[in-house]
Amino acid sequence: MDDMKKTYYVSVARGEINRSGEYSPYEFVVDATDDQISKLRYLFDQNNDIGFDSAVRAQTPYVQYHDDEPNRQQDSVLVEIYSYIHEIGDEAAVKHIESMGIVPATKEHPFIQVKGDHKLDEKISPVDDQ
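Below is a short write-up of the structure.

Quick notes on the rules
Residues numbered from 1 in each chain as written. Predicted model: local features only at pLDDT ≥ 70, side-chain atom pairs only at ≥ 80, totals over all residues. Heavy atoms only, no water. Core = buried A, V, L, I, M, F, W, Y, C linked by side-chain atoms within 4.5 Å. Buried < 20%, exposed > 50% of the residue type's maximum accessible area, 1.4 Å probe, protein only. Helix = DSSP H or I, 4+ residues; strand = E, 2+ residues; numbered from the N terminus. Contact = heavy atoms within 4.5 Å. Phe/Tyr/Trp six-rings, centres within 6.5 Å; stacked < 30°, edge-to-face > 60°. Lys NZ or Arg CZ within 6 Å of the ring centre and 35° of its normal. Salt bridge = Lys/Arg side-chain N within 4 Å of Asp/Glu carboxyl O.

1. So, the nonpolar core
Working step 1: V10, F28, V30, L40, I81 and I85 are the most contacted members of the largest nonpolar core, which has 20 residues in total.
Working step 2: At the level of elements, β1 (6-11), β3 (28-32), α1 (34-57), α2 (69-88) and α3 (91-100) are the ones that each hand at least two residues to this core.
Working step 3: By residue number, the principal contributor to this core is α2, which donates six residues.
Working step 4: Excluding residues that lie within four positions of it along the chain, V30 makes contacts with K6, T7, Y8, V10, I37, I85, I88, G89 and D90.

2. Focus: the packing of aromatic side chains
Working step 1: Scanning all chains against the criterion turns up two aromatic pairs.
Working step 2: With a centroid separation of 4.8 Å and 65° between ring planes, the pair formed by Y9 and Y26 is classed as edge-to-face. Pair noted here: Y9 is in strand β1 and Y26 is in the loop between β2 (16-18) and β3, with a separation of 17 residues, a long-range link.
Working step 3: Here the aromatic rings of F28 and Y82 are separated by 6.1 Å at their centres, their planes lie at 80°, and the arrangement is edge-to-face. Note that F28 is positioned in strand β3 and Y82 in helix α2, a separation of 54 residues in sequence. Accessibility assignment for this pair places F28 and Y82 in one class, buried.
Working step 4: The positively charged end of R19 is found above the aromatic ring belonging to Y8, 5.1 Å away from the centroid.

3. Quick notes on the pattern of salt bridges
Working step 1: Following the criterion strictly, the structure yields three salt bridges and no others.
Working step 2: A salt bridge links R14 to E16; its shortest N-O distance comes to 3.3 Å.
Working step 3: With relative accessibility at 48%, the residue R14 sits in the partly exposed group.
Working step 4: Given the relative accessible area of 23%, E16 is considered partly exposed.
Working step 5: We note a salt bridge from K95 to E91, for which the minimum N-O separation is 3.2 Å. On the criterion of helical spacing, the pair formed by K95 and E91 is a turn pair, its members being four residues apart in helix α3. Of the two residues, K95 and E91, both sit in the exposed class.

See the structure below:
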């Protein structure tokens, strides 16, 4: 594929990647090769598939959000999407994603956490000072 980077306009909320930012709302601007855009489209497709499974499962009212595997999978894919946009995005995209404070799940904390979580703040604060 072509290694030349092109500008794309990305909407995570809508799962869209467009070459023009004029006709559809977008949250991020990325400069990416065809291979990078293919990877981002693949992640969006994964998110869409899991979202369908999650919507079907949502009809079972007794399963709580944190005990629901499709929800965990979708959260994980969303973090992967934002991490990848952080990697290929423009300066504004990078700053915005960093301001979101998303922390990927770890073995010790299998659920995605966000800065501001009182248990997580203690572990993040030394890193933030660097």
